Amino acid sequence: MIDVVVFFFLLGVFARLVKSDLRLPEALYETLSIYLLLAIGLKGGLELSRQPIALLAPQVLACVALGFAIPFMLYPLLRALRLVQADAGALAAHYGSVSVVTFAVASAALAREGIAHEPHAALWVAVMEAPGLVAGILLARWGAAGRDAGPSRWGELMHDVLFGKSVLLLLGGLLIGAVAGDAGMAPIKAVFIDPFKGVLALFLLELGLVAGARLAEVKRFGAAVLVVGVGVPPVLALLGAATGVMLGLSTGGVALLATLAASASYIAAPTAMRIAVPEANAALSITTALGVTFPFNLVVGIPLYIELARRWT
Amino acid sequence: MPLPKYDKTLLVIVAEAVLERALVRDATQLGAQAWTASEVRGAAREGLREGQWEADRTVELKLLCDAAVADAIAEHVLRTYAGHYSVSMHFSPVQVLRPDRY
């Protein structure tokens, strides 16, 4: 059974396909994304204080390694599909990084099915944002040093990734939740915890509109986009699930790590790649990540990854 | 009595929003002292940019400066960014009241 929030996404896609005038104000999009990032962080942070740090270290290291390794595994396939170096590296970076909203939808699906997961899972999202981007940039620029000296500077780029809104709000929320604890969070719970799913639904409506616009581009890029966008996520999910099993995670935790591995970033990665690899075809990456993989994961992938986690744990 | 007015150039750069910080930095280094920026949406040869989400945003940067500075900035932008980014520029002659501000 598809989670109710996914229907909002499909409504957005439909609105776009029938050329509806539905459009959410940019300020609302911005507000909703800030809310979701903070709320995910706060929720995870509440539980973080109860965990021994030593227990979290292997998970953090494994998430960093997983995020960093994914682009290197994906790159040969993308090159075999005749993508040029810059395009292959940039697209690989999108898959190495993660989609926070895909994670949120997977969490909601687990909650609906009554499957518990590690409550600090938001920490995995925060640490998996950057390593894949670094790996993708290395792949895109390997042997091409000096080709574009212009705006691409590592210091500036790492600043943008590490202090960009995604990582800043997730880690900030985790920290605030951990420090405040249950008692401290009680007064703001009515805003940040209870309405979460409703806000997620609204945000998915907007993302449906955006993804619907990218669907039209799929034809332009041909089969490669479909092969990568639909074929790669389940394979990466196997890798994520295997990592989760090795870490001894719960069924929900394995499903979430599988989802994170299978997800593709559409916020941090496009911006980072425009700065670091300007010669890469941005439309190709965005169409694959947001136009194909994101809807696939929402509708087909997440139920599949949850089933995989059930069987493996 | 009419106010004394002084000739300056208004350089408008419309570019992908990801470039805003770099453009402001470069323009300032090349002598621009005053600028404003706003988000816009529209279409060019590269396609439609609706500004619905982060990677789709476009910024319009307005710079008031001497003609020579405007030329230097435009030349730099063409050389550094126009190859791989969606960028458009246009110039207009304008008059200002306090030329030392620009």
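For every chain, the first residue of the written sequence is number 1, and numbering continues from 1 along that sequence. Throughout, the order in which chains and ligands are written sets their labels, letters from A for the former and numbers from 1 for the latter. Local features are withheld for residues below a pLDDT of 70 in this predicted model, meaning they are given only at 70 or higher, and side-chain atom pairs are given and counted only at 80 or more; totals for whole chains, interfaces and linings count all residues. The side-chain quantities take in all heavy atoms of the structure and omit both hydrogens and water.

Novice: How do you make sense of the overall build of chain A when you look at a structure like this?
Specialist: A run of H or I in DSSP becomes a helix once it reaches four residues, and a run of E becomes a strand once it reaches two; helices and strands are each numbered from the N terminus. Within chain A, the regular secondary structure consists of 15 helices and zero strands. Here chain A has a C-alpha radius of gyration of 18 Å; the compact-globule value for 313 residues is 20 Å, and the two agree. If one aligns the C-alpha atoms of chain A with their principal axes, the spans along those axes are about 55 × 45 × 40 Å. Each residue gets one of three labels from its accessible area relative to the maximum for its type: buried under 20%, exposed over 50%, partly exposed in between, using a 1.4 Å probe on protein chains only. Taken across its 313 residues, chain A has 58% of its residues classed as buried. Contact between two residues is taken to exist if any of their heavy atoms lie within 4.5 Å; hydrogens are not considered. Considering only contacts within chain A whose residues lie at least 6 apart along the sequence, 88% involve residues at least 24 apart. Accessible surface, chain A: about 12,200 Å² in total, of which carbon and sulfur atoms supply 71%. Separation of charge centres in chain A, based on 20 positive and 18 negative side chains, amounts to 7 Å. When we talk radius of gyration, it's over C-alpha atoms, and the globule rule is simply 2.2 Å times the number of residues to the 0.38. The Shrake-Rupley method, run with a 1.4 Å probe, gives the accessible areas here. Residue values count only the displayed protein chains as cover. Charge convention: Lys and Arg are scored as positive, Asp and Glu as negative, and His as well as the terminal groups of each chain are ignored. Charge positions come from single atoms, namely NZ of Lys, CZ of Arg, CG of Asp or CD of Glu.

Novice: How should empty space enclosed by the protein be read in this particular structure?
Specialist: The probe, sized like a water molecule, is rolled over the atoms to show the empty space still left. Residues and elements named next belong to chain A. Put simply, the grid is 1 Å and covers the protein atoms alone, a cavity is a trapped set of points that fit a 1.4 Å probe, a pocket is an open set with protein on both sides within 12 Å along at least five of seven lines, and lining residues have an atom within 4 Å of a point. Grid points are joined across faces, edges and corners, and a volume is the space filled by probe spheres set on the points. This model, assessed by the stated rule, comprises four cavities of 30 Å³ or more. The computed volume of the largest cavity comes to approximately 130 Å³. For the largest cavity, the lining is made up of 16 residues, of which Leu37, Val100, Val101, Tyr266 and Ile267 are closest to its centre. Where the lining of the largest cavity is concerned, the elements lending two or more residues are helix H2 (26–48) and helix H5 (100–113). A per-element tally of the lining of the largest cavity places H2 first, with four residues. Each residue receives one of three labels: charged for Asp, Glu, Lys and Arg, nonpolar for Ala, Val, Leu, Ile, Met, Phe, Trp, Tyr, Cys and Pro, and polar for the others, Gly being one of them. Taken together, the residues of the lining of the largest cavity break down into 11 nonpolar, four polar and one charged.

Novice: Please clarify how the sheet that holds strand E2 (residues 34–40) of chain B should be interpreted in this entry.
Specialist: Picture the strands of a sheet paired through backbone hydrogen bonds; they go either parallel or antiparallel. Residues and elements named next belong to chain B. Pairing between strands is defined by DSSP: at least two bridges between the two strands are required. An order of E2-E5-E1-E6 is seen for the four strands of this open sheet, with the pairing classed as antiparallel. Every interior strand has two partners, whereas the edge strands, E2 and strand E6 (87–96), have only one. Geometrically, the sheet is characterised by an average inter-axis angle of 20° between neighbouring strands, direction not taken into account. Sheet topology note: the E2/strand E5 (residues 58–65) ladder contains seven bridges and is antiparallel. Note that in E5 the partner of Ala37 across the bridge is Leu61. Together, strand E1 (6–16), E2 and E5 form the strand contacts of helix H1 (residues 20–29), whose direction differs from that of E5 by roughly 10°. Only C-alpha atoms enter the line fits that serve as axes; for helices the fit covers just the stretch in contact. Angles between N-to-C directions range over 0 to 180 degrees.

Novice: Even after reading the chapter, I still don't get the interface of chain A and chain B, so can you show me in this structure?
Specialist: Size of an interface, as often reported, equals the accessible area lost when the parts are brought together. With 27 residues of chain A at the interface, the matching set in chain B holds 17 residues. Defined in terms of a 1.4 Å probe, buried area is the accessible area two parts forfeit on being brought together, summed over both. Buried area between chain A and chain B, summed over both chains or domains, comes out near 2,000 Å², and the portion from carbon and sulfur atoms is 45%. A pairing counts as a salt bridge when a side-chain nitrogen of Lys or Arg comes within 4 Å of a carboxyl oxygen of Asp or Glu. Seen at the junction of chain A and chain B, the total is four salt bridges. The term polar contact refers here to a pair of N or O atoms within 3.5 Å; inside protein, the definition further demands a hydrogen-donor-capable atom paired with an acceptor-capable atom, and it admits residues adjacent in sequence only when both atoms are side-chain atoms. Here chain A and chain B share eight residue pairs in polar contact (both at pLDDT 80 or more) between them. Every element with two or more residues in the side of chain A that touches chain B is listed here: H2, helix H8 (154–162), helix H11 (196–221), helix H14 (268–276) and helix H15 (282–312) of chain A. Counted by class, the side of chain A that touches chain B contains 11 nonpolar, four polar and 12 charged residues.

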